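Examination of the molecular architecture
So the chains spell out like this:
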Amino acid sequence: MANPVFVAIDTTDLAEAKARAKQLAGAVGGIKLGLEFFIAQGPEGIRAVLQESPGLPLFLDLKLHDIPNTVAGGVRSASALKPRYLTIHTAGGAAMLRAAADEAAKFGVARPKLLGVTVLTSLSSDDLVEVGFAKRAMGDQVEAMARLAKANGLDGVICSPHEVATLRRAMGPDFVLMVPGVRPSWAGADDQKRVMTPAEAMRAGATHLVIGRPILKAADPAEAARRIAQEIAGAPAAA
Ligand code: C5P
């Protein structure tokens, strides 16, 4: 099994991001860079980081959300960086999702796979009502948005450990479920509230995991990443 862990390099600092990519290149399955880094360092910064980890897939977490034509343009520009995964807010609606998927398809086999953001885990049901959503159970809202994503050509969604098993059942075997908020039992929870271990999340149906601090803050980050990969593969963890 390929290593499913994308390490979240959450920094604005180019030298630090490059050093992390180099340090972890052999121990993780991919690299996640998001808004914090992209706004500070731009496409050139992304390219510079990827050069330190040749061949590792990029998860570009830009969470695009705008009118369909603008999001399609964003997908086109982002595709120049050849990300394996790119995020879009499903709240942008069916036409926006479809425009993004159609644009991505133009890049053929090298196209970025598009992942929908359903409901940000920072939002409660009451927060959703406040911005005009109907009152409904959070799980139902998340599932409805995942179905909207799939119906309009997206390849998967980002989801919390809490939602993985339900979404795997609802969305079928081929849907990508990229899961942040996991914690190895030997790491602290940081500010993540609903945690599962990496192996538990994979067993529940995740295809990929996004892990930041348990790797980056470890005394030996590459060793921590390898240990996580071993635990997922079911091998006894190295001491
Ligand atoms: O350090 P940690 O493992 O918590 O990092 C997880 C990564 O996943 C961060 O980049 C964070 O922004 C992202 N994320 C998350 N929880 C969500 C969505 C994204 O932790 N609900």
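Predicted model only: the values in this text are computed from it and were never measured. (Residues numbered from 1 in each chain as written. Predicted model: local features only at pLDDT ≥ 70, side-chain atom pairs only at ≥ 80, totals over all residues. Heavy atoms only, no water.)

1. Overview of the environment of His65
- Structurally, His65 is set in the loop between strand 3 (58-64) and helix 3 (68-79).
- For the pair His65 and Val117, spaced 52 residues apart in sequence, the C-alpha to C-alpha distance is 10.0 Å.
- Non-local contacts of His65, meaning those with residues more than four positions away in its chain, are made with Val71, His89, Ala91, Gly92 and Met96. (Helix = DSSP H or I, 4+ residues; strand = E, 2+ residues; numbered from the N terminus. Contact = heavy atoms within 4.5 Å.)

2. Examining the site of the ligand
- Taken together, Ala8, Asp10, Lys32, Thr121, Pro180, Arg183, Gln192, Val210, Ile211, Gly212, Arg213 and Pro214 form the complete shell of residues around the ligand.
- Contacts to the ligand include Arg183, whose side-chain N or O atom sits 2.7 Å from an oxygen atom.
- Within the backbone of Arg213, an N or O atom sits 2.7 Å from an oxygen atom of the ligand.
- The fraction of the free accessible surface of the ligand (460 Å²) that becomes covered by protein chains is 77%. (Near = heavy atom within 4 Å. Polar contact = N/O pair within 3.5 Å; in protein donor to acceptor, adjacent residues only side chain to side chain. Areas by Shrake-Rupley, 256 points an atom, 1.4 Å probe, with all protein chains shown as cover.)

3. Looking at the domain arrangement of the protein
- For the protein, the assigned domains read domain 1 (1-56) and domain 2 (61-205 + 213-233).
- A straight line from the C-alpha centre of domain 1 to that of domain 2 covers 18 Å.
- Across the contact, 22 residues belong to domain 1 and 17 residues belong to domain 2.
- Across the domain 1/domain 2 interface, buried area totals approximately 1600 Å², and carbon plus sulfur atoms make up 76% of it.
- If you sort the residues of domain 1 by the area they bury against domain 2, Phe6, Arg20 and Ala27 come out on top, with a joint share of 24%.
- Run the count over domain 1 and domain 2 and you get 1 salt bridge.
- The closest approach of N and O atoms between Lys32 and Asp61, which form a salt bridge, is 3.0 Å.
- Applying the counting rule to domain 1 against domain 2 returns 3 residue pairs in polar contact (both at pLDDT 80 or more).
- Mapped by element, the contributors of at least two residues to the side of domain 1 that touches domain 2 are strand 1 (5-8), helix 1 (14-24), strand 2 (30-34) and helix 2 (35-51).
- At 6 residues, the largest contribution of residues to the side of domain 1 that touches domain 2 is made by helix 2.
- Among the residues forming the side of domain 1 that touches domain 2, the class breakdown is 16 nonpolar, 3 polar and 3 charged. (Domains from an automatic or database assignment. Buried area = accessible area lost by both parts, 1.4 Å probe. Salt bridge = Lys/Arg side-chain N within 4 Å of Asp/Glu carboxyl O. Nonpolar A, V, L, I, M, F, W, Y, C, P; charged D, E, K, R; others polar.)

4. Quick notes on unusual backbone geometry
- Phi at Lys63 takes a positive value of approximately 45 degrees, unusual for a residue other than glycine.
- Residue placement: Lys63 occurs in strand 3.
- Exposure remark for Lys63: the relative accessible area of 29% places this residue in the partly exposed category.
- Phi at Lys82 takes a positive value of approximately 55 degrees, unusual for a residue other than glycine.
- With respect to the helices, strands and loops of the structure, Lys82 is situated in the loop between helix 3 and strand 4 (85-89). (Buried < 20%, exposed > 50% of the residue type's maximum accessible area, 1.4 Å probe, protein only.)

5. Section: the packing of aromatic side chains
- Taken as a whole and judged by the stated rule, the model has 2 aromatic pairs.
- When the centroid spacing of 6.1 Å and the interplanar angle of 90 degrees are considered together, the rings of Phe6 and Phe59 count as edge-to-face. Taken together, the residues Phe6 in strand 1 and Phe59 in strand 3 connect sequence positions 53 residues apart.
- Taking relative accessible area as the criterion, Phe6 reaches 2% and is therefore assigned buried.
- Note on Phe59: relative accessible area 2%, which makes it buried.
- Ring centres of Phe6 and Tyr85 lie 5.8 Å apart, and the angle between their planes is 75 degrees; on these two criteria the pair is classed as edge-to-face. Of the two residues, Phe6 sits in strand 1 while Tyr85 sits in strand 4, which places them 79 residues apart along the sequence.
- Three or more aromatic residues joined by ring pairs form one cluster here, namely Phe6, Phe59 and Tyr85. (Phe/Tyr/Trp six-rings, centres within 6.5 Å; stacked < 30°, edge-to-face > 60°.)

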